[in-house]
Amino acid sequence: MKVQVLLTDDHQMVRQAIRFILERDPNIEVVGEAAEGLEAIALARQTAPDVVCMDISMPGMDGMEATRRLLAISPSTRVIGLSAHSDPHYVMEMIDAGASGYVTKSEPAEEIMRAIHAVYQSRKKYLCPCVAVHVEDAVRHAPSNVSPMARLSHRELQVLHMVAEGCSSIRIAHDLHLATSTVEVHRRNIMRKINLHSIAELTKYAIRNGIAEG
């Protein structure tokens with residue numbers, strides 16, 4: 001059975017180049033192309049891809065937010081982040097959004113095929129070589145006393161603040177123009193990152209750190 005792949009990139013030439021590369025592999029089938037995040041989510045509903053190759057920097061909804069929303073409706077889909085950036089910050093943000101892999105556009109053509117088969121078959125995270133080196137180096141040199149708060153994205157801080165203020169997921173979704181399922185994904189990610197397990201704990205943490213008023 002072929003691996004069904006959806007390509008998402010706002011540059012048509014890049015999509016065509018990746019499609020050309022992937023079509024050389026008899027075990028991969030490209031089932032669609034999207035130029036931006038919302039289109040990728042809509043196509044994922046229609047085609048149910050096994051793997052989505054997701055550009056990170058796109059106008060409108062970026063690849064990180066698109067990944068969160070896509071996985072909220074299709075948790076079994078594997079997402080591979082594609083980017084010109086190898087900075088560990090971008091990599092970890094994409095992984096925290098739920099991506100299973102990350103490949104830079106400077107890698108050889110075979111790397112994207114290797115990544116697709118790796119995340120589909122092994123269900124483990126896959127980082128291309130140059131990214132893996134940068135991430136390992138960043139982790140090795142990271143201060144041991146860095147606050148868990150530093151790991152939260154801007155959007156996660158917004159959600160944490162509203163949760164601590166007593167807002168429901170529906171209210172947060174409405175105010176931040178997100179899907180309710182996306183808010184739930186953010187909330188789970190926040191709890192995992194700061195190692196808390198209930199709304200009461202989140203509220204106390206937010207008050208203690210000045211995110212919400214007591």
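Residues numbered from 1 in each chain as written. Predicted model: local features only at pLDDT ≥ 70, side-chain atom pairs only at ≥ 80, totals over all residues. Heavy atoms only, no water.

1. Things to note about the environment of Ser 181
Quick note on the threshold: For the purposes of this entry, the term helix denotes a DSSP run of H or I that reaches at least four residues, the term strand denotes a run of E that reaches at least two, and both are numbered from the N terminus.
Structurally, Ser 181 can be placed in helix α9 (residues 180-194). Put simply, Ser 181 and Leu 70 are 111 residues apart on the chain and 9.8 Å apart in space, counted from C-alpha to C-alpha.

2. Digging into the packing of helix α7 (residues 154-164) against α9
Test applied: Orientation is described by axes fitted as lines to C-alpha atoms, over the contacting stretch for helices, and by angles from 0 to 180 degrees between their N-to-C directions. Relative orientations are named as follows: roughly parallel for angles under 35 degrees, roughly antiparallel for angles over 145 degrees, roughly perpendicular for angles from 65 to 115 degrees, and oblique for any other angle. A contact between two residues is defined here by any heavy atoms of the two lying within 4.5 Å. Under the grouping applied here, Gly and all other residues not named as nonpolar or charged are polar, the nonpolar ones being Ala, Val, Leu, Ile, Met, Phe, Trp, Tyr, Cys and Pro and the charged ones Asp, Glu, Lys and Arg.
Where α7 meets α9, the axes come as close as 10 Å, and the angle between the chain directions of the two elements is 95 degrees. With respect to α9, the axis of α7 lies roughly perpendicular. For the pair formed by α7 and α9, the contact residues are Arg 155, Glu 156, Val 159, Leu 160 and Val 163 on the first element and Val 183, His 186, Arg 187, Asn 189, Ile 190 and Lys 193 on the second. The residue makeup of the contact of α7 with α9, split by class, is 5 nonpolar, 2 polar and 4 charged.

3. Looking at the pairing of strand β3 (residues 51-55)
Our working rule: Partly exposed residues are those whose accessible area sits between 20% and 50% of the maximum for their type, while under 20% is buried and over 50% is exposed, using a 1.4 Å probe and protein chains only. For two strands to be treated as a pair, DSSP must find no fewer than two bridges joining them. With the strands pointing away from the viewer, any crossover whose connection runs clockwise from the first strand over the helix to the second is right-handed.
The element β3 is largely enclosed, with a buried count of 5 among its 5 residues. Burial along β3 is two-sided: Val 51, Cys 53 and Asp 55 and Val 52 and Met 54, pointing in opposite directions, are all buried. As defined by bridge partners, β3 adjoins strand β4 (residues 78-83) across 5 bridges and the pair is classed as parallel. Counted as the bridge partner of Val 52 is Val 79 from β4. You can see the chain leave β3, run along helix α3 (residues 63-73) and come back into β4, and the turn it takes is right-handed.

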